[in-house]
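Coordinate analysis (summary)
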Amino acid sequence: MQVRCLEFSKRAQEALLDERLQRNLQRIGVRFKLGRDMAFAALEDPEGLRDLGRAIKEKSLANLPFLLETLEAKVKEAGGVVHWARTAQEACSIVGDLARDRGVRTVVKGKSMVTEEIGLNQTLQAQGIEVWETDLGEFIIQLAGEPPSHIIGPAVHKSKDQIAELFAEKLGVARVEAPEELTRIARETLREKFVGADMGITGANAAVAETGSIVLLENEGNIRLSVTLPRIHVAVVGIEKVIPTLDDLAVILALLPRSATGQKLSSYTSIITGPRRPGEVDGPQEFHLILLDNGRSRILADPDRRQSLYCLRCGSCLNVCPVYRKVGGHSYGWVYSGPIGAVITPQLVPPRLARDLPFASTLCGACAEVCPVKIELPKLLLIMRQRLTEDPNFDGGIPLMVRLAARFHGWLLTHYSLYRLAMEGARAASKFLVHDGRWAWLPPALSGWARKRHVPAPTRSFSRTWPSLKRKLAQGGTGS
Amino acid sequence: MKVALFVPCMVQDFHPQVAEATARVLARAGMSVQYPKGQTCCGQLQYKSGNWKSARAVARHFLQVFQGCETVVAPSGSCVNMVRKYYPELFRDEPLWRDRAVDLGKRLFELTEFLVRVAQVEELGARWETKAVYHDSCQVYRALGIHREPRLLLSRVQGLELVEMEQADVCCGFGGSFSLQFPAVSEAMVAEKVSHILATGAQLLVSAEISCLMNIGGYLRKQGHGVEALHIAQVLAHRGE
Amino acid sequence: MSISSRDKILSAVELALGFPPRDPSLLESRAPTQEVPWIPAEEPWEPLKKELEALSAVFHEVERLEEFPGVLGAILREHEVRRALFWEHPLLEALEVRGLLGAEAVEVLDPRKAEGFVGQVARADLGITAAECAIVESGALMVRASQGWPRAASLLPPVHVAILTARQRLRTVGDLVPLWRQWLSTEGQLPSGIHLITGPSRTADIELTLVLGAHGPKVLHVVALDPGAIPEST
């Protein structure tokens with residue numbers, strides 16, 4: 001998928017002017033957060049559970065080679081085929097080749113962020129294969145030709161009349177607005193595709209090494225249909241998704257739906273182990289697991305950044321992020337949005353293409369409070385800022401002037417007298433620029449800030465008023 | 001008890017009255033207030049903009065300025081959090097500086113935290129007939145876990161009616177350089193915050209964090225909303241005249 | 001190509017982690033010998049019923065075996081069922097489901113005939129399965145795939161009827177682990193498909209408005225058999 005993260009500011013401003021989007025964003029923020037908070041409040045020991053979740057991810061990544069080998073062996077034992085893909089292109093060509101070899105004409109897809117990441121649909125469509133996104137939200141944005149705007153609710157930015165318009169135009173149906181009716185139209189349209197599809201493609205929320213199973217959570221049933229009806233099931237899974245045992249799976253299952261939607265369990269949790277067995281009449285005849293690296297092993301190599309890979313893709317950090325709630329998912333310019341998107345995008349795409357994202361946060365910390373595996377998101381945002389600015393291996397492309405200004409300011413701060421001199425100078429200069437508390441001229445960097453906010457002018461500093469205050473205090477005077 | 005004052009850079013030159021009020025409040029709490037010379041800034045801007053080398057230099061300067069001080073108090077949560085939480089991480093590979101940072105982190109307090117938890121003073125003789133709403137700065141509330149202390153102190157201000165706003169725990173949109181780099185987003189965030197503040201009917205917005213006050217107060221002032229934004233030290237120092 | 005990619009990925013990962021030793025204890029269960037903590041059959045259905053109803057599932061309690069035909073018959077008539085798929089499952093056989101369907105003039109689809117299966121089931125009005133267990137905390141039902149137990153029965157028809165006995169209840173999702181382990185040790189691997197079904201299919205993708213029956217069944221009936229209604233042969 002094309003990386004458009006450098007347009008963050010521009011798209012954010014467009015989003016801010018889109019009243020409908022603002023209403024929808026407001027709604028998801030409140031609704032999802034409330035659901036999540038209530039679900040966790042009902043738990044006996046929510047903190048303990050989150051700690052356990054984090055410990056599982058930590059342990060899983062620390063032992064990744066062994067777990068991947070075990071997973072591979074177990075999948076084979078269950079009759080599945082394991083493929084390894086280092087890059088997005090490799091993963092796409094593996095699926096493309098499979099489809100070609102097996103005469104696949106129609107593919108149905110379950111919602112999967114990782115297939116968005118690798119741009120799989122475009123590859124398959126270029127081969128002349130019909131590809132259908134079957135999650136209702138994904139189906140809507142596929143028809144609209146847009147990327148998802150939220151991990152859990154990909155079409156959350158669209159209102160029902162926009163969707164009604166879209167269905168009428170693209171599906172040639174009568175225009176109806178009721179969500180029930182729109183859902184029925186999607187169900188009927190896609191049911192036909194499911195029955196006729198040759199291949200179902202999904203991601204996975206987890207892969208269990210112990211048993212060689214992949215685990216899929218959903219509410220609609222489209223993922224179950226994708227892994228039940230077509231003769232081939234392909235699961236594209238990031239290498240960070242593997243966990244050791246079924247015990248660990250039980251913890252993930254307790255955490256993920258509660259975090260994502262506030263449900264105790266999603267409507268459907270499927271644990272898939274290999275293709276159908278002899279004598280079974282449905283389920284795929286072939287099961288292919290594609291283990292994708294695509295930059296993950298690089299992240300793993302940096303202990304400071306490793307926890308970026310703990311993410312369960314629940315979307316809860318988006319729902320509470322005050323920036324996301326204003327700008328929406330599309331502003332982030334790639335697949336992953338919100339705080340976790342700002343952290344992982346510059347690690348997965350060429351960093352200079354996503355250099356703004358880690359800075360597009362106030363570091364308020366709301367995200368870290370809800371993360372089911374306690375990823376320290378503000379800390380990671382800070383680390384990414386540092387890497388982009390200072391790490392020559394990272395090639396952040398931060399303008400030299402910006403870096404020099406920060407360094408010069410830092411240097412001044414270590415030279416007290418010069419710093420005071422500079423501030424006194426600024427104060428003297430501001431006297432010419434400020435009249436009745438209004439600035440006649442402001443540095444361009446401040447003009448956006450000043451549009452609706454008063455900018456304070458430097459005044460007689462505390463260090464200069466202190467001597468007299470000190471005397472007053474010494475005399476016992478503390479009144480105002 | 002001797003208390004050294006750390007005056008954040010934004011207070012020093014832009015809102016010195018906040019530092020003055022802090023000194024008065026500390027004096028009223030029975031402290032002997034000192035103002036160590038040579039202090040500039042905690043280095044937050046450098047740290048948060050990714051310039052960690054510069055941040056380290058500023059941090060060393062800060063640690064040197066305050067090295068002899070037994071107790072340090074600052075009218076800002078973000079500076080305290082910077083020293084307490086981020087200095088040790090900045091000096092991860094420099095054990096000597098790290099130890100000094102950890103040590104100072106234990107002796108450096110945010111004002112309301114110091115008053116309630118350390119000095120155990122709640123009553124400061126402040127008076128103000130007004131209706132006030134307190135803004136939980138992310139750096140004070142989330143980062144330092146200070147929620148009860150400022151409310152307790154405000155509840156002891158004679159004549160002051162303290163009310164709460166909706167979505168009090170949502171960020172005001174300042175975020176330091178964020179508000180300069182993404183002014184439109186920041187503006188939308190502060191506009192929402194202000195709508196919650198106005199809905200309370202309070203005449204006074206109080207916070208323990210100067211950055212939020214510049215943001216929210218700056219918006220209130222330019223939009224002419226007639227709500228005054230003050231640092232909690234200024235309220236606690238108020239005698240009702 | 002994929003063989004070399006495999007080795008490249010594995011060595012990149014090894015290198016990233018500093019060649020961690022293989023630790024087989026990672027794959028050990030935290031409670032390897034735990035018994036499946038079944039809830040006693042005498043305990044009331046109320047907590048499970050509450051969860052299921054909150055999920056918009058329909059709960060039917062059957063106190064005595066003789067009542068079962070009436071309950072199933074009412075469901076069949078309610079949805080005007082003409083064609084149904086049901087599992088060849090000991091419990092369903094003992095409940096004589098096939099005969100009951102016949103008595104209501106419902107056409108029964110063969111759950112073992114692979115050829116044309118999907119096309120057949122796509123036209124079914126109702127699917128009947130036997131749940132392995134229910135999770136009281138969340139109202140989830142667990143079903144598994146096997147011979148004669150097609151996955152489509154709980155998925156394709158617009159109405160799903162799951163039959164459950166009072167002996168098959170667990171409290172939390174964590175209580176499933178010993179049951180899964182039991183299957184692992186008796187069958188050598190997990191079933192090809194295990195599904196936890198928590199209420200009917202749903203979506204909130206359009207303006208966060210909840211709609212039932214997105215892709216899976218719109219209606220879920222849970223027929224709960226009290227100890228007095230469980231056929232003796234099972």
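Residues numbered from 1 in each chain as written. Chains lettered and ligands numbered in written order. Predicted model: local features only at pLDDT ≥ 70, side-chain atom pairs only at ≥ 80, totals over all residues.

Section: the overall build of chain B
The helix and strand tally for chain B stands at 13 helices and eight strands. Computed over C-alpha atoms, the radius of gyration of chain B comes to 17 Å, within 12% of the 18 Å expected from 2.2 N^0.38 for 241 residues, which places it in the range of a compact globule. Its C-alpha atoms give chain B principal-axis dimensions of roughly 50 × 45 × 30 Å. A burial count over chain B gives 62% of its 241 residues as buried. (Helix = DSSP H or I, 4+ residues; strand = E, 2+ residues; numbered from the N terminus. Rg over C-alpha atoms; globule rule 2.2 N^0.38 Å. Buried ≥ 20, exposed ≤ 12 C-beta atoms within 10 Å, placed from the backbone.)

Overview of the overall build of chain C
Looking only at helices and strands, one finds seven helices and 12 strands in chain C. For chain C, the spread of C-alpha atoms along the three principal axes comes to 65 × 40 × 40 Å. Buried positions account for 47% of the 234 residues belonging to chain C.

Some details on the environment of A:V107
All names here are of chain A. Relative to the assigned elements, V107 resides in strand β2 (residues 106-109). Accessibility expressed as a C-beta count within 10 Å gives 27 for V107, which makes it buried. Between the C-alpha atom of V107 and that of S226, which follows or precedes it by 119 residues, the distance is 8.8 Å. Setting aside its immediate chain neighbours within four residues, V107 contacts L124, I129, E130, V131, W132, A197, M199 and I201. (Contact = placed C-beta atoms within 7 Å.)

What about the environment of C:P231?
Residue and element names in this part refer to chain C. Assignment of secondary structure puts P231 in the segment after β12 (219-225). Owing to 16 C-beta atoms within 10 Å, P231 belongs among the partly exposed residues under this scheme. Spatially, the C-alpha atom of P231 lies 9.9 Å from that of P90, the residues being 141 residues apart in sequence. Apart from the residues within four sequence positions on either side, P231 is in contact with L65, A94 and L95.

Points about the environment of B:M82
With respect to the helices and strands, B:M82 occurs in helix α5 (residues 77-90). Those residues in contact with B:M82 that sit more than four places away from it in its chain are B:C42, B:G43, B:Q44, B:Y47 and B:Y87.

What to know about the nonpolar core
The biggest cluster of nonpolar side chains holds 307 residues, and the ones touching the most others in it are A:V237, A:I290 and C:I163. Setting aside chain neighbours within four positions, we find A:I290 in contact with A:H83, A:A85, A:A91, A:I94, A:V95, A:V234, A:A235, A:V236 and A:V237. (Core = buried A, V, L, I, M, F, W, Y, C linked by C-beta atoms within 7 Å.)

Some thoughts on the packing of helix α3 (residues 46-62) of chain A against helix α12 (residues 246-261) of chain A
All names here are of chain A. Contact geometry of α3 with α12 gives a least axis separation of 10 Å together with a crossing angle of 130°. Considered as vectors, α3 and α12 are oriented oblique to each other. Remark: the crossing between α3 and α12 carries left-handed chirality. Here α3 contributes L49, R50, L52, G53 and I56 to the contact with α12, which in turn contributes D248, V251, I252, A254 and L255. Per-class residue counts for the contact of α3 with α12 are seven nonpolar, one polar and two charged. (Axes fitted to C-alpha atoms, helices over the stretch in contact; angles between N-to-C directions. Parallel < 35°, antiparallel > 145°, perpendicular 65-115°, else oblique. Left-handed = near helix turned anticlockwise from the far one by under 90°. Nonpolar A, V, L, I, M, F, W, Y, C, P; charged D, E, K, R; others polar.)

Examining helix α4 (residues 64-77) of chain A
All names here are of chain A. For α4, built from 14 residues, the straight-helix expectation of 20 Å at 1.5 Å per residue is met to within 8% by its first-to-last C-alpha distance of 20 Å. Most of α4 sits inside the fold, with 10 of its 14 residues counted as buried. Once α4 finishes, G79 follows within two positions and takes phi at roughly 95°, a positive value. (Expected span 1.5 Å × (residues − 1).)

Some words on the sheet that holds strand β8 (residues 169-170) of chain C
With respect to topology, eight strands assemble into an open sheet ordered β8(A)-β5(A)-β6(A)-β9(A)-β9(C)-β6(C)-β5(C)-β8(C), the strand pairing being mixed. Edge positions in the sheet fall to β8 (242-243) of chain A together with β8 of chain C, since each has one partner strand and no second. One ladder, built from three bridges, connects strand β5 (residues 133-135) of chain C with strand β6 (residues 140-144) of chain C; its direction is antiparallel. Of the residues in β6(C), the one forming a bridge with C:I135 is C:A140. (Pairing = 2+ DSSP bridges.)

Some points on the interface of chain A and chain C
Taken together, the contact between chain A and chain C spans 77 residues of the former and 66 residues of the latter. Examining the composition of the side of chain A that touches chain C, we find that seven residues originate from one element, helix α10 (residues 179-196) of chain A, more than from any other. Per-class residue counts for the side of chain A that touches chain C are 35 nonpolar, 24 polar and 18 charged.

Things to note about the packing of helix α2 (residues 19-41) of chain A against α12(A)
Residues and elements named next belong to chain A. Look at α2 against α12: their axes get within 6 Å of each other, and the N-to-C directions meet at 145°. Together, F32, G35, R36, A39 and F40 of α2 and R258, S259 and T261 of α12 make up the contact between the two elements. Its residues assigned to classes, the contact of α2 with α12 comprises three nonpolar, three polar and two charged.

Comments concerning the interface of chain A and chain B
Opposite the 56 residues of chain A that make contact, chain B presents 61 residues. Listing elements by their share of the side of chain A that touches chain B, those giving two or more residues are α1 (8-17), α15 (324-327), α17 (366-370), α18 (377-390), α19 (400-413), α20 (416-433), α21 (444-450) and α22 (462-474) of chain A. Tallied by class, the residues present in the side of chain A that touches chain B amount to 27 nonpolar, 19 polar and 10 charged.

Structural notes on the sheet that holds strand β4 (residues 126-130) of chain C
Residues and elements named next belong to chain C. The six strands lie next to each other as β1-β12-β7-β4-β2-β3, forming an open sheet whose pairing is parallel. Each edge of the sheet is formed by a strand with only one pairing partner; in this case those strands are β1 (58-62) and β3 (107-109). Geometrically, the sheet is characterised by an average inter-axis angle of 25° between neighbouring strands, direction not taken into account. Summarising the sheet, strand β7 (residues 159-165) and β12 pair through seven bridges and their orientation is parallel.

What to know about the confidence of the model for chain C
Averaged over every residue, the pLDDT of chain C is 95; residues scoring 70 or more account for 99%. As scored by the predictor, the complex reaches a pTM of 0.96 and an ipTM of 0.97. (pLDDT = per-residue confidence, 0-100.)

What to know about the arrangement of the chains
Contacts are most numerous between chains A and C, taken over all two pairs of chains that touch. At no point do chain B and chain C touch; the closest pair of C-alpha atoms across them sits 20 Å apart.

Some details on the pairing of strand β10 (residues 286-292) of chain A
Residues and elements named next belong to chain A. β10 sits mainly inside the fold: six of its seven residues count as buried. Bridge count between strand β1 (residues 81-85) and β10: five bridges; the pairing is parallel. Its bridge partner lying in β10, H83 is registered against I290. One ladder, built from seven bridges, connects strand β7 (residues 232-238) with β10; its direction is parallel. From the neighbouring strand, V234 faces β10, where its bridge partner is H288.

Digging into helix α16 (residues 338-348) of chain A
Residues and elements named next belong to chain A. α16 sits mainly inside the fold: 11 of its 11 residues count as buried. Considered for burial, the residues of α16 that qualify are G338, P339, I340, G341, A342, V343, I344, T345, P346, Q347 and L348. Buried positions along α16 lie against α13 (296-300), α14 (316-320), α15, α17 and α18.

A closer look at unusual backbone geometry
The residue A:N294 is not glycine, and still its phi comes out positive at about 45°. Locating A:N294 in the fold gives a position in the loop between β10 and α13. Using a count of 20 C-beta atoms within 10 Å as the deciding quantity, one classes A:N294 as buried. Despite not being glycine, C:E80 shows a phi value in the positive range, around 50°. You can see C:E80 is positioned in the loop between α3 (68-78) and β2 (83-86).

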